[in-house]
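Structural overview for review
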Amino acid sequence: MTRHGGKLLADQLVLHGTELAFCVPGESYLDVLDGLYDAPLRLIACRHEASAANMAEAYGKLTGRPGVCLVTRGPGATHASVGVHTAFQDSTPLILLVGQVASSQEEREAFQELDYRRLFGQTAKWVAQIDRTDRIPEYVARAFTTACAGRPGPVVLALPEDMLSSETDAPDALPFHVVQPYPGAEQIDELRSLLERAERPLAILGGGGWTPRAAQDLRIFLEANALPAGAAFRRQDSLDNDSPSYAGDVGIGLNPKLAARVRESDLLLAIGARLGEMTTSGYTLVEPPTPAQTLVHVHPGAEELGRVYRPALPILSGIEQFAAAVRDLRVEPRWRDWSAEARADYEAWQKPSPMPGAVQLGECIAQLRARVPDAIVTNGAGNFSAWAHRFWRWHDYPSQLAPTSGAMGYGVPAAVAAKALHPERTVICFAGDGDFLMSGQELATAAQYELPIVVLVVNNGMYGTIRMHQERHYPGRVVGTELANPDFAAYARAFGAHGETVTETSHFAPALERALAAGSSALIELQIDPDAINPRTTLTAIRAEASK
Ligand SMILES: Cc1ncc(C[n+]2csc(CCOP(=O)(O)OP(=O)(O)O)c2C)c(N)n1
Ligand SMILES: [Mg+2]
């Protein structure tokens, strides 16, 4: 039996467990599309390659298996690059398949030709071009393996046209394995003795490569030892936020009391987190290269251990493997007060505080939490997300889809992908007015594939985050940050979605009910006072402070 390259490739995707993939079609990979025609795999065609790549990235976060995204040559690949970058920064397994010119035309700068090895050199774990049809199974198996091994990340495969259309009798590969290191017994002993000597331990949970099992095992370990734990930036689903061990997120605009606690801790147990710029408040909470805290750094990537920080104890391990090894580890906690205080600080910090204007976002989110506590929550980038990070509570892993890369436009496509994987769950996307219009057109994809999502657009009429920085550094000199917006509710209705505008807090709960009952996607625009620049302060206060 012979197959053309496109069919062979489609068969490999299915064999490695892909049941859902995302694309914008291109004539450069017609044979792959043809191969998918009768494959048991759902293909979602998107309205922009950035969205297709972001959906694949969200799939990777939700399943722990590579999200698959198919795009055409130059224009498709460059559009998709934001998703590759997010997968890289967020340590998410992803495979980007890109059409390539026929080998007879290569290196002529043929139509839309690019060298993907150079284009994605810094943002992918591995970039390759498959030049022989009979080697497709080998390359695809390696792509799946590489994307998931150690620190997960993106892989890019370029597919020359003639390679895809050629016939071969090459056999299938075997399904791939997720390859992760295990911690040694010696390291777990050493961790025990460090814990036995500690007085103010604190865990920071984060990074990629988590599984529901890992989150469960770590919860048992943390709670049984009364260990307080913070979540790294946008990794707040790593521990049930109702757990007595959960102390809040160590991200942007974190609770000052939690920041102080990170500094004062004598044993810092970083589990999976890279301890990047956003989680360390610009490398100040933990100082490179030699932290003041005794650092135990657990990470699945050998190159990450000691890269920025000298750990007292580096542990090279997959998260699930580490979690299983410490699940039953017990020490006598001498830090019960420290731990209880950390929890009390979090609960106090989460009480909604008043902000200027008639729409109180903290209260709206509290109502949302009470109504759909088990929702999957997504967002892109912007100050609006700070309210979600502060006032929402995540319960199960995985239920947070948020780019640690800080990429705007992520929330809507991530929500569509989440709904495709979990049709039974409510999916809520938080977006800003700037953020939303970078990918709002995917409401069409949600409608086409009957994947109803709820989008909350926090409208302050500006690229507020940048305006905030402007006021801090160049008070009063506003440039490039104002936005003239469409009627968001009408925009939603144009896609067959339910649309509403909320101008005061009391309107939110009934609007939410109508959104949840709509039977289609829904968008609620929350018009907030532009002075309410983040949950802690106002533009007026920032400008006054900066003008002093
Ligand atoms: C793709 C991308 N472009 C630009 C930025 C820089 N940036 C960060 S936040 C932001 C403004 C976001 O505006 P909006 O969505 O309205 O949220 P707000 O800050 O107003 O709440 C910008 C432009 C970014 N992070 N990502
Ligand atoms: Mg805005």
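Overview of the structure. Everything numeric here is computed off the predicted structure, so don't read it as measured data.

Turning next to the overall build of the chain. The helix and strand tally for the chain stands at 21 helices and 20 strands. Against the 2.2 N^0.38 benchmark of 24 Å for 548 residues, the chain shows a C-alpha radius of gyration of 24 Å, consistent with a compact globule. Principal-axis analysis of the C-alpha atoms gives the chain an extent of 70 × 60 × 45 Å. A burial count over the chain gives 59% of its 548 residues as buried. Taking as baseline every contact in the chain between residues at least 6 positions apart, the subset at least 24 positions apart corresponds to 76%. Of the roughly 20900 Å² of accessible surface on the chain, a fraction of 51% belongs to carbon and sulfur atoms.

For ligand 1, the set of nearby residues contains 16 residues, the closest of which are G406, D433, D435, G464 and T465. One of the backbone N or O atoms of F384 is found 2.9 Å from an oxygen atom in ligand 1. Contacts to ligand 1 include T465, whose side-chain N or O atom sits 2.6 Å from an oxygen atom. When ligand 1 is considered free in solution it has 590 Å² of accessible area, and contact with the protein chains removes 76% of it.

Moving on, we get to the coordination of the magnesium ion (ligand 2). Coordination of the magnesium ion (ligand 2) by the protein involves D433 (OD), N460 (OD1) and M462 (O), with metal-donor separations of 2.0 to 2.2 Å. Every donor residue of the magnesium ion (ligand 2) comes from the same chain, spaced as D-x26-N-x1-M. With a gap of 29 residues between them, D433 in helix α16 (residues 433-436) and M462 in the loop between β18 (454-459) and α18 (464-473) connect regions that are remote in the sequence. For the pair D433 and M462, one class covers both residues: buried.

With that settled, the discussion passes to the environment of T63. Its place among the elements puts T63 in helix α3 (residues 49-63). Measuring from C-alpha to C-alpha, the distance between T63 and A518 comes to 28 Å, with 455 residues separating the pair along the chain. At 2.8 Å, the side chain of T63 forms a polar contact with the backbone oxygen of Y59. There is a polar contact of 3.0 Å between the side chain of T63 and the backbone nitrogen of R65.

With that out of the way, let us pick up the pairing of strand β9 (residues 201-205). In terms of residue burial, β9 counts as a mostly covered element, since five of its five residues are buried. Neither face of β9 is left uncovered, since the one carrying P201, A203 and L205 and the one carrying L202 and I204 both have all their residues buried. By the bridge criterion, five bridges tie β9 to strand β12 (residues 267-271) in an arrangement that is parallel. Bridge assignment links A203 to a residue of β12, and that residue is L269. Strand direction decides the pairing type here: β9 and strand β10 (residues 229-232), joined by two bridges, are parallel. When the bridges of β10 are listed, A203 appears paired with A229. Where the polypeptide runs from β9 across helix α9 (residues 212-224) and back to β10, its parallel neighbour, the crossover connection is right-handed.

With that settled, consider the packing of helix α10 (residues 256-264) against helix α12 (residues 336-350). Direction vectors running N to C along α10 and α12 enclose 155°, while the axes themselves pass 9 Å from each other. The pairing of α10 with α12 is recorded here as roughly antiparallel in orientation. Facing P256, K257, R261 and E264 of α10, the residues of α12 in contact are W338, E341, A342, D345 and W349. The residue makeup of the contact of α10 with α12, split by class, is four nonpolar, no polar and five charged.

We now examine the sheet that holds strand β5 (residues 94-100). Strand pairing in a sheet relies on backbone hydrogen bonds, with the paired strands running either antiparallel or parallel. If you walk across this open sheet you meet the six strands as β3-β2-β4-β5-β7-β6, and the pairing is parallel. Across the chains shown, the open sheet's two edge strands, defined by having one partner strand only, are β3 (42-45) and β6 (126-129). Geometrically, the sheet is characterised by an average inter-axis angle of 20° between neighbouring strands, direction not taken into account. As defined by bridge partners, β6 adjoins strand β7 (residues 154-160) across four bridges and the pair is classed as parallel. Bridge pairing in β7 links V127 to V156.

A separate point is a nonpolar patch on the surface. Taken together, the side chains of M438, Y463 and I466 make up a nonpolar region of the molecular surface, amounting to roughly 270 Å² of accessible area. Along the chain, I466 falls in helix α18. For I466, a relative accessible area of 47% gives the class partly exposed.

Okay, the pattern of salt bridges next. A full pass over the atoms with the stated rule returns 29 salt bridges. Between R261 and D345 there is a salt bridge, with the nearest N and O atoms lying 2.9 Å from each other. Of this pair, R261 sits in helix α10 while D345 sits in helix α12; the two residues are 84 residues apart in sequence, bridging distant segments of the chain. Neither R261 nor D345 differs from the other in exposure class; each is buried. For R343, the salt bridge identified is with E347, shortest N-O distance 2.8 Å. Within this pair, R343 and its partner E347 are both found in helix α12, separated by four residues, close to a single helical turn. Judged by its relative accessible area of 37%, E347 falls in the partly exposed class. Here the residues in one salt-bridge network are R3, K7, D11 and D172, joined through shared partners.

Omega for the bond connecting P288 with P289 falls within 30 degrees of zero, at -5°, which places this linkage in the cis form. Take P289: it is sitting in the loop between β12 and β13 (294-299). The omega angle of the peptide bond from Y397 to P398 is -5°, so this bond is cis rather than trans. Secondary-structure assignment places P398 in the loop between α14 (384-391) and β16 (400-401). Here E109, not a glycine, exhibits a phi torsion of approximately 50°, which is positive. In this model, R234 sits at a positive phi of 60°, which is unusual for a non-glycine residue.

Rules used throughout
- Residues numbered from 1 in each chain as written.
- Chains lettered and ligands numbered in written order.
- Predicted model: local features only at pLDDT ≥ 70, side-chain atom pairs only at ≥ 80, totals over all residues.
- Heavy atoms only, no water.
- Helix = DSSP H or I, 4+ residues; strand = E, 2+ residues; numbered from the N terminus.
- Rg over C-alpha atoms; globule rule 2.2 N^0.38 Å.
- Buried < 20%, exposed > 50% of the residue type's maximum accessible area, 1.4 Å probe, protein only.
- Contact = heavy atoms within 4.5 Å.
- Areas by Shrake-Rupley, 256 points an atom, 1.4 Å probe, with all protein chains shown as cover.
- Near = heavy atom within 4 Å.
- Polar contact = N/O pair within 3.5 Å; in protein donor to acceptor, adjacent residues only side chain to side chain.
- Donors = N, O, S within 2.8 Å, 3.2 Å for Na, K, Ca; no water.
- Pairing = 2+ DSSP bridges.
- Right-handed = clockwise from strand over helix to strand, strands pointing away.
- Axes fitted to C-alpha atoms, helices over the stretch in contact; angles between N-to-C directions.
- Parallel < 35°, antiparallel > 145°, perpendicular 65-115°, else oblique.
- Nonpolar A, V, L, I, M, F, W, Y, C, P; charged D, E, K, R; others polar.
- Patch = residues over 30% accessible without salt bridge, like charges linked within 9 Å, V, L, I, M, F, W, Y side chains within 5 Å.
- Salt bridge = Lys/Arg side-chain N within 4 Å of Asp/Glu carboxyl O.

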